[in-house]
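Structural features, examined
One letter stands for each residue in the lines below.
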Amino acid sequence: MPRALVPQPPLPLWRSYAGILLRRRPGSEAGAPVPRVSRRTTDVCIDAGWLQAYRTIVGLEPEEPSLPPLALQLAAAPLHLAILADRRFPFRAMGLVHVGQRIEQVGRLHAADVYRLDAFTGVSRTVRQGSRFELITEARVEGRLAWRSVASVLARHESEATESAYAPLSTLIPPGETEVWSRVALIEAEAMRWTLPGGGV
């Protein structure tokens with residue numbers, strides 16, 4: 001399957017994998033914020049072959065000119081991996097838990113647009129299960145913000161806080177878009193169903 005971004009971001013994946021697997025992580029002291037770590041790539045397009053494969057997997061129309069809501073989130077994966085591999089990032093990538101996602105889209109995103117992608121760590125706080133922090137991704141077209149994703153991520157460790165890291169699903173759906181986003185969630189959840197030996201899913 002082709003890479004999502006053309007041309008490729010100047011972030012070798014092997015270097016990110018090495019940093020994630022081999023670099024020691026100090027963890028986070030109680031109440032200490034997650035430092036801001038960022039990556040950026042400019043003047044990239046979405047590879048047509050990758051996008052067609054993505055549409056097929058999630059059951060979307062193959063010729064639709066606009067991007068599916070979550071396509072840019074997946075396309076920005078090399079930026080996210082580079083952040084997790086950064087020596088300033090305090091937690092081991094293995095064991096991080098994705099506990100929420102909020103996406104804001106300003107207008108229609110076209111498959112042929114040229115994007116600047118920025119990814120960075122955002123607000124963090126101590127919760128009952130450990131440390132919860134934001135991983136923010138932004139897409140700009142001709143300098144204007146066109147799309148923004150805020151992923152909530154949990155790093156588990158001992159904590160005396162009482163707040164839970166897990167927000168109700170209703171707080172993660174943009175206001176007024178319940179029906180649309182429920183349909184998108186169902187399509188993508190159905191695409192991720194795995195059949196296991198013994199008939200389990």
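No experiment lies behind these values; they were computed from the predicted model shown.

About the cut-offs
Residues numbered from 1 in each chain as written. Predicted model: local features only at pLDDT ≥ 70, side-chain atom pairs only at ≥ 80, totals over all residues. Heavy atoms only, no water. pLDDT = per-residue confidence, 0-100. Helix = DSSP H or I, 4+ residues; strand = E, 2+ residues; numbered from the N terminus. Contact = heavy atoms within 4.5 Å. Salt bridge = Lys/Arg side-chain N within 4 Å of Asp/Glu carboxyl O. Buried < 20%, exposed > 50% of the residue type's maximum accessible area, 1.4 Å probe, protein only. Pairing = 2+ DSSP bridges. Core = buried A, V, L, I, M, F, W, Y, C linked by side-chain atoms within 4.5 Å. Polar contact = N/O pair within 3.5 Å; in protein donor to acceptor, adjacent residues only side chain to side chain. Phe/Tyr/Trp six-rings, centres within 6.5 Å; stacked < 30°, edge-to-face > 60°. Lys NZ or Arg CZ within 6 Å of the ring centre and 35° of its normal. Arc of directions from axis to C-beta.

The predicted coordinates of low-pLDDT regions are not to be read in fine detail. The predicted model of the protein has a mean per-residue pLDDT of 78, with 68% of residues at 70 or higher. When pLDDT is averaged over each helix and strand of the protein, the minimum, 46, is found for helix α5 (residues 178-191) and the maximum, 93, for strand β2 (residues 38-46). In this model, residues 177-192 is a region of pLDDT below 50 whose contacts with residues beyond four sequence positions or in other chains number 13 contacts.

Time to look at the pattern of salt bridges. In this structure the tally under the stated criterion is eight salt bridges. Put simply, R40 and D118 hold a salt bridge, and the shortest N to O gap is 2.5 Å. In this pair, R40 sits in strand β2 while D118 sits in strand β4 (residues 115-127), placing the two residues 78 residues apart along the sequence. With a closest N to O distance of 2.9 Å, R116 and D118 form a salt bridge. What makes D118 buried here is its relative accessible area of 7%. When salt bridges with common partners are traced through the structure, they connect R40, R116, D118, E138, R140 and R148 into a single cluster.

The six strands lie next to each other as β1-β2-β4-β5-β6-β3, forming an open sheet whose pairing is antiparallel. The outermost strands of the open sheet, each flanked by one partner alone, are β1 (5-6) and β3 (97-105).

Going from V6 to P7, the amide bond is cis rather than trans, its omega being -10 degrees. With respect to the helices and strands, P7 occurs in the loop between β1 and α1 (13-22). Although it is not a glycine, E142 sits at a positive phi angle of roughly 55 degrees. Residue position: E142 is located in the loop between β5 (130-141) and β6 (144-156).

Pairing geometry for β3 and β6, over eight bridges, is antiparallel. For E104, the partnering residue across the bridge sits in β6 and is R148. Two strands pair when backbone bridges link them, and β5 and β6 are joined in this way by twelve bridges, in the antiparallel orientation. Opposite G130, over in β6, you have R156 as the bridge partner. Between the antiparallel neighbours β5 and β6 lie two residues, among them E142 with a positive phi of about 55 degrees.

Bringing the nonpolar core into the picture now. I46, W50, L67, L72, L109, Y115 and L117 are the most contacted members of the largest nonpolar core, which has 36 residues in total. Elements that contribute at least two residues to this core include exactly β2, α2 (48-58), α3 (71-75), α4 (77-85), β4, β5 and β6. Beyond its immediate stretch of four places on either side in the chain, L67 contacts I46, L51, R55, L72, L109, H110, A111 and Y115.

Attention now moves to the side chain of S152. Inspection of the secondary structure assignment puts S152 in strand β6. S152 sits in the buried class, given a relative accessible area of 10%. A polar contact is formed between the side chain of S152 and the side chain of R132, at a distance of 3.0 Å. Apart from residues no more than four positions distant in its own chain, S152 is found in contact with V97, H98, V99, G100, R132 and F133.

Below, the discussion takes up the packing of aromatic side chains. Counted according to the given criterion, the structure contains four aromatic pairs. One aromatic cluster is present, formed by F89, F91 and F133 through successive ring pairs. Above the face of the F120 ring, R36 is positioned so that its terminal group lies 4.2 Å from the ring centre.

Of all the positions in α2, only W50, L51, Y54, R55 and V58 are classed as buried. Buried residues along α2 cover an arc of 135 degrees about the axis, so they all sit on one side. Turned more than 90 degrees from where α2 packs its buried face, A48, T56 and I57 sit exposed. The backbone nitrogen of G49 has a side-chain oxygen 3.0 Å away, supplied by the residue at the start of α2, namely D47. One or two residues past the end of α2 sits G59, with phi positive at roughly 75 degrees.

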